Amino acid sequence: MNTIEFSLRENNTGSFPRGLALMLRSIEPLKALKARIAEEGSKAVFAPLIEKFILNNPHLVTIEMQPDPEKASRDEAAEKENLAKVRASMTQEDLAELSRATHELKLKQETPDPPEALKCVPSLSLQDIPKKPIHVPTEVGDINGIKVLQHDLFTNDVLYAEVVFNMRSLKQELLPLVPLFCQSLLEMGTKDLDFVQLNQLIGRKTGGDPCSHIIVRGKAMSERVEDLFTLVNRVLQDVQLTDQKRFKQFVSQSKARMENRLRGSGHGIAAARMDAKLNVAGWISEQMGGVSYLEYLQALERKVDDDWPEISSSLEEIRKTLISKNDCLINLTADGKNLKNSEKHVSKFLDMLPNTSLVGSTAWNARLPLTNEAIVIPTQVNYVGKAANLFETGYQLKGSAYVISKYLNNTWLWDRVRVSGGAYGGFCDFDTHSGVFSYLSYRDPNLLKTLDVYDGTSNFLRELEMDDDALTKAIIGTIGDVDAYQLPDAKGYSSLLRYLLGVTEEERLIRREEILSTRLEDFKEFADVVEAVKDKGVVVAVASPDDVDAANESHPDFFKVKKAL
C-alpha cells in the first residue's frame, strides 16, 4: 500500500508530460481500498486474489530459448540465394531501371531540404528564449559538520535525498568490484529497490581532476523520512557480505548483462573504451562498466569458488574505505517545511556513520593503450566509434560547440551515416568536462565507410552555408536540450552533479550567452578543431569478424583485435 500511495503522490513521469500521463490513467481508489483493509484485514482482501490468479491459475506456459550459432550464416546464405534468383529473372532493361532508381534515391538522400521548405516548419525566435539558465534554489549549509545541499522545491510532500561518498581513497585494484559491492548491499539489504538506489558518478571536474563518488539515492513521503534514513543506514552498515552463493549469482547476472550490452548497445561499449584511452576518468568508468569489467567478471566467476575469503575481505575493505562521514555530502530536495523537518533525521543518520580517517587520495593515473581496437562479437551489424581529446590540442571550450555538435547530428551525420549509409543511428558527442569529442554509429552495416564520413566532418563545416533562419533553429534546438523539462527530483539531482563537477552558475550563464550568440564563423572555426579527430583520433569498433577481417585486409594492421564473446 505504501508503494502504491508513494507512486501516486510522486507521479514521477520522467520527461513524459505529467498532464498527459494523468489523462491516460485514472487514480486508483486508495481510500476505498484502505477502508476495506481496515474493516476486513489484509489477508481477507488479498488472499482470495492470490489463490485465484496465482496458486490455482492453470493458464501458464514455460518457454526455453536455445541459441543457434549457425543461424546467422544460414540466413546470409539464404539471402544471397534469393538475391541471385531475383537477379537471374531480371532483363537488361530491368537492371538499367534499378540502377537509375538507385542513383535517384542516393541523390535525394544527399540533397538538403530547400530553405523554402524548412521555413514552413513553425519555430520560436531567439527573443522568445530566456537569457538566463533555469534556476534551481540551492542552499549550502551543514549538519553535524557535514556539508548539506538543500533545494526548496514543491515535491507534493515527498523528500528526495542523496548521500554522497568519495571514492578517491579506494585502491585501484578494487575499482571493478565496486558495482558488485553496490548490488550486494542493495539486494541483500532491502527489497525496497524503488526507494533506495546506489549509483557511481565518474567524471572530470572543470579543471581536469577526476571526480569519483558513490551516490546513495532515496525518497520517501514526509511522514516516512525517518524510516528512509534508517533503511539507508541498514543497507550501508548492517548487510553481511558473506553469502558466497548469492554473490556468485550477482557475478553471473552482471556478466550476462554486460554480454547483452555488447550485442545490443555496442556504441556505449565503444564510447567507454575510447574514453578509457583518452582520460583517467574514462579509464575508471570503463573498469566498472566496459570490456575490462566484463573480462574481470569472467575471471571473478571462476575465482568465487576458489578464493571466496579474499573476495569477501575485499568487499569489506571497500565498505570501510567508502562508508564514512568524512568527506560525505548530503543532498536534499523538498519544500522548505519538509527540509526543516528532515534535519533531525539526517543528523541522527550522520551520527551513526563511521568516523573513519581518510588515508588520502589514491593516485589513479592509468589509461588504456592509444591503439585502434576492434571488439569482435557474433553480429551482423557494427558499432563504429572514433574520438580524440580536443582540450589536449589547446582548444578552449565555447558554448557554440554545443550548437555545432547538435547541428552535425541532425544534418551531416544523420544524412551520411543513417540515411545514405543504412545505419540505425549516427551521432557525435562532446564531453565538455574531459574534452573528448567522439563519433559513434549504431547498428551500422558499414565500418571503414563510416570512418570516412567522420573524417569528412571538417570539410563539411568549412564548406557550410547557412542562412539566419537555419542558424536560429540550430541555436533554439540546442537550448531545448539545455533547458530540458525536469521534475523536482531531477532538478535537485542535476544541481548536485553540477556541484560535484565544479560547474558554477557563472559558467552556466557564460555558456548560455555563447550558445545564443553562435555565428556561422564559429562553425567554420570549429572545422580546424575537429580536424584533430581525423588526424589523431583513436578508433574502437564493436563489430563482426568478417567486417574486421576485411578492414585489416584493406588497411593492414589497422585494428588490434579483441574477442569479447
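Further up the page is the structure itself.
Residues numbered from 1 in each chain as written. Predicted model: local features only at pLDDT ≥ 70, side-chain atom pairs only at ≥ 80, totals over all residues. Heavy atoms only, no water.

> Explain the overall build of the chain to me, please; I cannot follow it from the model alone.
What the chain contains, in helices and strands, is 24 helices and 12 strands. The globule rule puts the C-alpha radius of gyration for 565 residues at 24 Å, and the 27 Å found for the chain is close to it. Structurally, the chain occupies a C-alpha span of about 80 × 60 × 55 Å along its principal axes. The buried share among the 565 residues of the chain stands at 45%. Per element, the accessible surface of the chain, about 29,900 Å² overall, is 53% carbon and sulfur. Positive and negative side-chain charges in the chain, numbering 69 and 83 respectively, have mean positions lying 3 Å apart. (Helix = DSSP H or I, 4+ residues; strand = E, 2+ residues; numbered from the N terminus. Rg over C-alpha atoms; globule rule 2.2 N^0.38 Å. Buried < 20%, exposed > 50% of the residue type's maximum accessible area, 1.4 Å probe, protein only. Areas by Shrake-Rupley, 256 points an atom, 1.4 Å probe, with all protein chains shown as cover. Lys, Arg positive; Asp, Glu negative; His and termini not counted. Charge placed at Lys NZ, Arg CZ, Asp CG, Glu CD.)

> Help me out: how do you make sense of the packing of helix H13 (residues 291–306) against helix H14 (residues 308–322) in this one?
How two helices sit against one another is set out by the angle between their axes and by the gap between those axes. At a minimum axis separation of 6 Å, H13 and H14 run at an interaxial angle of 110°. On the basis of their axis angle, the class for H13 and H14 is roughly perpendicular. For the pair H13 and H14, the contacting residues are Leu300, Lys303, Val304 and Asp306 in the first and Trp308, Glu310 and Ile311 in the second. (Axes fitted to C-alpha atoms, helices over the stretch in contact; angles between N-to-C directions. Parallel < 35°, antiparallel > 145°, perpendicular 65-115°, else oblique. Contact = heavy atoms within 4.5 Å.)

> Help me out: how do you make sense of the packing of aromatic side chains in this one?
When we look at a pair of aromatic rings, we describe it by the centre distance and by the angle of the planes. If you walk through the whole model with that rule in mind, you get 14 aromatic pairs. Aromatic pair Phe391 and Phe430: ring centres 6.1 Å apart, planes at 70°, arrangement edge-to-face. In this pair, Phe391 sits in the loop between strand S8 (383–389) and helix H16 (400–410) while Phe430 sits in strand S9 (residues 425–430), placing the two residues 39 residues apart along the sequence. Between the aromatic rings of Tyr395 and Phe526, the centroid separation amounts to 5.8 Å while the plane-to-plane angle is 75°, which identifies the pairing as edge-to-face. Remark: Phe526 occurs in helix H23 (residues 520–536) and Tyr395 occurs in the loop between S8 and H16; sequence separation between them is 131 residues. On the basis of relative accessible area, Phe526 is assigned to the buried category, the value being 4%. (Phe/Tyr/Trp six-rings, centres within 6.5 Å; stacked < 30°, edge-to-face > 60°.)

> It is not clear to me how the environment of Glu463 should be interpreted in this structure. Could you clarify?
For Glu463, the location among the structural elements is in the loop between helix H19 (457–462) and helix H20 (468–482). For the pair Glu463 and Tyr424, spaced 39 residues apart in the sequence, the C-alpha separation amounts to 26 Å.

> Help me out: how do you make sense of the pattern of salt bridges in this one?
It is possible for side chains bearing opposite charge to pair when their charged atoms get close. According to the stated counting rule, one finds 34 salt bridges in the structure shown. Here Lys248 and Asp305 are joined by a salt bridge, their closest N and O atoms 2.5 Å apart. With Lys248 in helix H10 (residues 244–264) and Asp305 in helix H13, this residue pair connects regions lying 57 residues apart in the sequence. Among the residues examined, Lys248 registers a relative accessible area of 26% and is labelled partly exposed. For Asp305, a relative accessible area of 46% gives the class partly exposed. When the shortest N-O distance is used, the salt bridge between Asp522 and Arg519 registers 3.2 Å. Under the relative-accessibility criterion, Arg519 is labelled partly exposed at 39%. Several salt bridges converge on common partners, so that one network encompasses Arg273, Lys277, Glu286 and Glu373. (Salt bridge = Lys/Arg side-chain N within 4 Å of Asp/Glu carboxyl O.)

> When you look at the pairing of strand S6 (residues 329–334) in this model, what are you seeing that I'm missing?
Residues in a regular strand project their side chains so that they alternate between the two faces of the sheet. With 6 of its 6 residues buried, S6 lies for the most part within the structure. Two strands pair when backbone bridges link them, and strand S2 (residues 146–152) and S6 are joined in this way by 6 bridges, in the parallel orientation. Residue His151 lies in a different strand from S6, and its bridge partner there is Thr333. Judged from the 5 bridges that link them, strand S3 (residues 158–166) and S6 form a sheet pairing that is antiparallel. When the bridges of S6 are listed, Ala161 appears paired with Leu332. (Pairing = 2+ DSSP bridges.)

> Please clarify how the sheet that holds strand S11 (residues 538–543) should be interpreted in this entry.
Hydrogen bonds between backbone atoms are what pair the strands of a sheet, whose relative direction is either parallel or antiparallel. The mixed open sheet is built from 6 strands, whose spatial order is S9-S10-S8-S11-S7-S12. Every interior strand has two partners, whereas the edge strands, S9 and strand S12 (560–563), have only one. For this sheet the average axis-to-axis angle between neighbouring strands, irrespective of direction, equals 15°. Pairing geometry for S8 and S11, over 5 bridges, is antiparallel. Note that in S11 the partner of Gly385 across the bridge is Val540. Here H16 sits on the sheet and contacts S9 and strand S10 (436–442); the angle it forms with S9, its principal contact strand, is near 170°.

> Which parts of the structure should I look at to understand unusual backbone geometry?
Trans is the prevailing form of peptide bonds, just as negative phi is the prevailing case for residues other than glycine. Of note in the backbone geometry, Asn144 takes a positive phi value of approximately 55° without being a glycine. Mapped onto the fold, Asn144 is located in the loop between strand S1 (139–143) and S2. For Asn144, a relative accessible area of 42% translates into the label partly exposed.

> Just checking my understanding: could you explain helix H22 (residues 505–516) for this structure?
Between its first and last C-alpha, H22 extends 17 Å over 12 residues, near the 16 Å set by a 1.5 Å rise per residue. Buried residues of H22: Glu507, Arg508, Arg511, Arg512, Ile515 and Leu516, and no others. What you see down the axis of H22 is that its buried residues fit within an arc of 165°, all on one side. Tucked inside the fold, the buried residues of H22 contact H16, H20 and helix H21 (488–501). (Expected span 1.5 Å × (residues − 1). Arc of directions from axis to C-beta.)

> In this structure, what is going on with the nonpolar core? I would like to understand it.
Side chains of a nonpolar character, in soluble globular proteins, are inclined to be buried together. Counting residues in each nonpolar core, the largest one holds 79 residues, and the members touching the most others are Met167, Leu180, Phe247, Ile330, Leu332, Phe349 and Leu350. Of all the elements, helix H9 (residues 225–238) adds the most residues to this core, at 7 residues. Among residues more than four places away in sequence, those in contact with Phe247 are Leu177, Leu180, Ser184, Met188, Leu300, Val304, Trp308, Ile311 and Leu315. Counting 51 residues, the second largest nonpolar core, distinct from the first, contains Leu448, Val453, Leu464 and Ala543. (Core = buried A, V, L, I, M, F, W, Y, C linked by side-chain atoms within 4.5 Å.)

> For this particular structure, what's the right way to read the pairing of S8?
S8 sits mainly inside the fold: 7 of its 7 residues count as buried. Burial along S8 is two-sided: Tyr383, Gly385, Ala387 and Asn389 facing one way and Val384, Lys386 and Ala388 facing the other are all buried.

> Mind showing me how you'd approach the environment of Lys248 here?
Separated by 183 residues in sequence, Lys248 and Met65 place their C-alpha atoms 23 Å apart. Apart from residues no more than four positions distant in its own chain, Lys248 is found in contact with Glu301, Val304 and Asp305.

> Can you walk me through a nonpolar patch on the surface in this structure?
On the surface, Met1, Ile4, Phe46, Leu49, Ile50, Phe53, Ile54 and Leu55 cluster together into a nonpolar patch covering about 750 Å² of accessible area. With 6 residues, the single largest contributor to the nonpolar patch is helix H4 (residues 42–55). Of the residues examined, Leu55 reaches a relative accessible area of 64% and is grouped as exposed. (Patch = residues over 30% accessible without salt bridge, like charges linked within 9 Å, V, L, I, M, F, W, Y side chains within 5 Å.)

> Any chance you could explain the packing of helix H11 (residues 266–278) against helix H12 (residues 280–287) here in plain terms?
Running from N to C, H11 and H12 cross one another at 135°; their axes reach a closest spacing of 6 Å. Classed by the angle they form, the pair H11 and H12 counts as oblique. Pair H11 / H12 crosses with left-handed handedness. The segment H11 lies against H12, with Ala272, Arg273, Asp275 and Ala276 engaging Gly282, Trp283 and Glu286. Here the residues of the contact of H11 with H12 are counted per class, giving 3 nonpolar, 1 polar and 3 charged. (Left-handed = near helix turned anticlockwise from the far one by under 90°. Nonpolar A, V, L, I, M, F, W, Y, C, P; charged D, E, K, R; others polar.)

Worth remembering: the numbers are spatial, not functional.
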